[in-house]
Amino acid sequence: LLHISSGTSGDAIVVIESDTNDIDNSDNPHLEFRQDGNTIRGKIGLEGVAGQTFSNSLSNATYLGSVFEQPLQFITGNTGGVQTAKMTIQPNNGNVGIGTTSPNTLLDVSSANFGTTAPTIRITNTLNIGNWSGVTSDLGRFEFFTDDSSGNAPCTLGYIGIKNDNTTGSPTLPSGAMVFATTTY
């Protein structure tokens, strides 16, 4: 058991440092979490050189991860009560589940609620221009994109968007039009 305390005031700081002379950026500071015969199960650290510790990494990126095909979960809850997994990242396919521990798609949002508390993904446009006269552009959209480098790509293949149809005053429902569009080449 390790307990670090600053007493009744001040910050409690733990420093893990490598490469103090800034010569070899391949020295990476990190914490390892081990279990079951000294097997590494999780890591938190800094990736000095891209691709050194794990694939698809960026230079000087901070990382949090699981090892040996273990899911990564984010939990919340009361200190004295039960903590609950709110988000899970699956190890094999990278699927992200919010409200589910077994996501079946890249992003799986799940809830047993309905009505105003039904599962919702919100896109907020923070534009504040006061006068919306003539503003008929998209206010938010989901894009379907390809980064295939052959042919005419990369490009947007299509999108679902909300446009402001109210050419005076503020955008109000039901003046917003749902737009389903495809891209022509």
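The preceding data block contains the structure.
Residues numbered from 1 in each chain as written. Predicted model: local features only at pLDDT ≥ 70, side-chain atom pairs only at ≥ 80, totals over all residues. Heavy atoms only, no water.

Colleague: Any chance you could break down the overall build of the protein for me, citing the residues and the numbers?
Modeller: A tally of regular secondary structure across the protein gives zero helices and 10 strands. Beginning at the N terminus, the succession of helices and strands in the protein can be written as β-β-β-β-β-β-β-β-β-β. Looking at the protein residue by residue over its 185 residues, the buried ones come to 18%. Sequence separation of 24 or more characterises 19% of the internal contacts of the protein that already satisfy a separation of 6 or more. In the structure as shown, the protein presents an accessible area of about 13,800 Å², 53% of it carried by carbon and sulfur atoms. (Helix = DSSP H or I, 4+ residues; strand = E, 2+ residues; numbered from the N terminus. Buried < 20%, exposed > 50% of the residue type's maximum accessible area, 1.4 Å probe, protein only. Contact = heavy atoms within 4.5 Å. Areas by Shrake-Rupley, 256 points an atom, 1.4 Å probe, with all protein chains shown as cover.)

Colleague: Describe the sheet that holds strand β3 (residues 61-66), and please don't skip the residues or the numbers.
Modeller: Within a sheet, each strand pairs with its neighbour through backbone hydrogen bonds, oriented either parallel or antiparallel. Judged by pairing direction, the sheet is antiparallel, and its three strands sit side by side in the order β1-β2-β3 without closing on themselves. The open sheet has two edge strands with one neighbour each: β1 (30-35) and β3. Going from strand to strand, the sheet's axes swing by 10° on average, the running direction of each strand aside. Note that strand β2 (residues 39-47) and β3 share six bridges and pair antiparallel. Looking at β3, one finds that G45 is bridged to Y63. (Pairing = 2+ DSSP bridges. Axes fitted to C-alpha atoms, helices over the stretch in contact; angles between N-to-C directions.)

Colleague: Explain the pattern of salt bridges to me, using residue names and the numbers behind them.
Modeller: For the structure on display, the rule yields three salt bridges. Of the charged contacts in the structure, one is a salt bridge between R34 and E32, with a shortest N-O distance of 2.3 Å. Given a relative accessible area of 29%, E32 falls into the partly exposed group. (Salt bridge = Lys/Arg side-chain N within 4 Å of Asp/Glu carboxyl O.)

Colleague: Before we move on, can you summarise the pairing of strand β5 (residues 83-89) with the specific residues and values?
Modeller: On a regular strand, one side chain projects to one face of the sheet and the next to the other, so that they alternate. Examined bridge by bridge, strand β4 (residues 72-77) and β5 share six bridges and lie antiparallel to one another. Bridging across to β5, Q73 finds its partner in T88. Of the strand pairs in this sheet, β5 and strand β6 (residues 96-98) are connected by three bridges, and their pairing is antiparallel. Within the sheet, the bridge partner assigned to T88 lies in β6 and is G97. Counting the residues between successive antiparallel strands, the hairpin from β5 to β6 contains six residues, one of them, G94, with a positive phi of roughly 75°.

Colleague: If you had to explain unusual backbone geometry to someone new, which residues and values would you point to?
Modeller: At D19, a position not held by glycine, the phi torsion is positive, near 60°. The topology assignment puts D19 in the segment before β1. In this structure D19 comes out as buried when scored by relative accessible area, which is 17%. You will see that N60, though not glycine, has its phi angle at about 60°, which is positive. Judged by its relative accessible area of 54%, N60 is exposed.

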